[in-house]
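Survey of secondary and tertiary structure
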Amino acid sequence: MSDMAKFLSERVLKLEESPTFALEQKVDKLDSVLKQAGDFVVRFGIGQPDFNTPDNIKSAAKKAIDENKTKYTASTGIKELKQAIVDKLKRDNSLEYSVENIFVGNGGKQVLDAIMRAFVNPGDFVLVPKPYWVSYTQQVILSEGIPLEVDFNESLKIELNHLRRLISQHTGRIKLLILNSPGNPTGAVYNLEELKEVSRTCLENNIFIISDEVYEKFIFGGARHISAASLGNDIKNITLTVNAASKTYAMTGWRIGYIAADRDIIAQMTKIQDQSTSNPCTPAQWAAVEALNGDQESVETMRREYEKRRNYIYSRLNGIEGISCSLPEGAFYVFPDVSNFYRKNIKNSFDFSNELLEKGHVAVVPGAAFGDDRFIRISYATAVDKIEEGMNRIEKFCSNLG
Ligand code: PLP
């Protein structure tokens, strides 16, 4: 630790840097070296749509700027956006809310952090099912809570027996469970029965549910997205539904995310927004109004494209001897098990990913970052020709490992 770092809080020193952002920096460096020789890195690292924000949404932001809608707004968002969210939740998720139930913040990540700050006292437990999105555990730690990792079953979803065991071992001390369907990094989608089991278990034990639904629109085959809060009023009362414009509308840089929850919880949480970030970017809020109220054809176009890519990657990966991969039903990730290749020089998912980057020039995220070292995560939010090239390289890399 440097001399200056020792002045910082234990809270911040305990925090890990985001492995996906760290990977991107490394990839940028290698890529610029390779570019000089006419080569490049195939980027399967970051979960960022390769599509541009649809034109109607961009126009709405330009119009807002021209109309000088550039000032502070209410800290949890303009009423037009809250109303658009209320309408969307009714239309898409069969959820009845009013504007007092809505909290708009600076992206899904920030509203999740605001929930942690609102619920977690030092030493409180938060159930984080593995494999998890990297920020969940770190956000719990930032609020001085303790993440309790829940094991997964062969479908890469919550192992209910383990969940129940953890709850009985920590009776009365668990505040929240984070449910992410469709899931990052697995692409797993919870069906009705699975959702009922998990949410009833939470209800019986006074555990609130964070239902992170940022990938809800990217769902494939016969799978269906179901919002946990739609399972009944008792479940709705204990659920905070989280969503964002980022993935659905290819708006990652605009930073609009939101929560729908009990109005008293939202009222208390508003103080966090008042005292920390104030409102999310005003023109971005107007863009999000158009995103939610406008034509949804671009979303379906992206969904179809992601489905094609999923099918291609899934069949290529399962064609590689030594790799096993379950079929993701949503999001834009696959999570193959590569542990068959672990030996002396490649001991874990970090080594595998490093070697693949340095020798094969393909960037993937080690599964250990998501709580399981047997896997790697491949994001297919990247152009089709790059995907084909990336899969060729992975195949060659694996066959060289033998
Ligand atoms: N939730 C999950 C599961 C994610 O994968 C992400 C982003 O990668 C987010 C939330 C946050 O999205 P954003 O902050 O970009 O809206």
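The structure contained in this document is the topic of the report that follows.

Procedures and definitions
- Residues numbered from 1 in each chain as written.
- Predicted model: local features only at pLDDT ≥ 70, side-chain atom pairs only at ≥ 80, totals over all residues.
- Heavy atoms only, no water.
- Axes fitted to C-alpha atoms, helices over the stretch in contact; angles between N-to-C directions.
- Helix = DSSP H or I, 4+ residues; strand = E, 2+ residues; numbered from the N terminus.
- Parallel < 35°, antiparallel > 145°, perpendicular 65-115°, else oblique.
- Left-handed = near helix turned anticlockwise from the far one by under 90°.
- Contact = heavy atoms within 4.5 Å.
- Nonpolar A, V, L, I, M, F, W, Y, C, P; charged D, E, K, R; others polar.
- Near = heavy atom within 4 Å.
- Polar contact = N/O pair within 3.5 Å; in protein donor to acceptor, adjacent residues only side chain to side chain.
- Areas by Shrake-Rupley, 256 points an atom, 1.4 Å probe, with all protein chains shown as cover.
- 1 Å grid on protein atoms, 1.4 Å probe; cavity = no way out; pocket = protein on both sides within 12 Å on 5 of 7 lines; lining within 4 Å.
- Sits in = over half its atoms within 2 Å of the grid points.
- Buried < 20%, exposed > 50% of the residue type's maximum accessible area, 1.4 Å probe, protein only.
- Expected span 1.5 Å × (residues − 1).

Now for the packing of helix H4 (residues 79-93) against helix H11 (residues 282-293). Between two packed helices, both the angle of their axes relative to each other and the distance between the axes serve to describe the pair. Between H4 and H11, the shortest axis-to-axis distance is 9 Å and the interhelical angle comes to 25 degrees. It follows that H4 is roughly parallel to H11 by the angle criterion. The two elements H4 and H11 cross, and the hand of that crossing is left-handed. Counting all contacts with H4, which are made through Glu80, Leu81, Ala84, Ile85, Lys88 and Arg91, the residues of H11 involved are Gln285, Trp286, Ala288, Val289, Leu292 and Asn293. Of the residues belonging to the contact of H4 with H11, the class tally is 7 nonpolar, 2 polar and 3 charged.

In the region of the ligand, 15 residues are neighbours, and Gly108, Asp212, Tyr215, Ser246 and Arg255 sit closest. One nitrogen or oxygen atom from the side chain of Ser246 is found 2.5 Å from an oxygen atom belonging to the ligand. For the ligand, an oxygen atom lies 2.7 Å from a polar atom in the side chain of Arg255. Burial of the ligand by the protein chains amounts to 92% of its free accessible area of 400 Å². Its atoms largely coinciding with the cavity grid, the ligand occupies the largest pocket. For the shell around the ligand, the class distribution of residues is 6 nonpolar, 5 polar and 4 charged.

Cis geometry is found at the peptide bond from Ser181 to Pro182, where omega equals -10 degrees. When you line up the elements, Pro182 lands in the loop between strand S5 (174-180) and helix H8 (192-204). Residue Pro185 is reached from Asn184 by a cis peptide bond, and omega for that bond is 20 degrees. Along the chain, the position of Pro185 falls in the loop between S5 and H8. Non-glycine residue Ala250 carries a positive phi angle of around 50 degrees. Structurally, the position occupied by Ala250 is in the loop between strand S7 (239-244) and strand S8 (257-260). The exposure class assigned to Ala250 is buried, which follows from its relative accessible area of 6%.

The subject of this paragraph is helix H5 (residues 107-119). For H5, spanning 13 residues, the distance from its first C-alpha to its last is 19 Å, which sits close to the expected 18 Å at 1.5 Å a residue. For H5, the tally of buried residues reaches 10 of 13 residues, placing the bulk of the element in the interior.

On to the side chain of Thr252, then. Mapped onto the fold, Thr252 is located in the loop between S7 and S8. Here Gln48 takes part through its side chain, which lies 2.5 Å from a polar atom of the side chain of Thr252. The residues touching Thr252, leaving out its near neighbours within four places in the chain, are Gln48, Pro49 and Ser246.

Mapped onto the elements, Thr53 comes out in the loop between strand S1 (42-43) and helix H3 (55-66). Since its relative accessible area comes to 11%, Thr53 is described here as buried. A polar atom in the side chain of Thr53 sits 2.7 Å from the backbone oxygen of Ala250. Engagement of the side chain of Thr53 in a polar contact is seen with the side chain of Trp254, the distance being 3.1 Å. In contact with Thr53, other than residues within four places in its own chain, are Lys58, Tyr249, Ala250, Met251 and Trp254.

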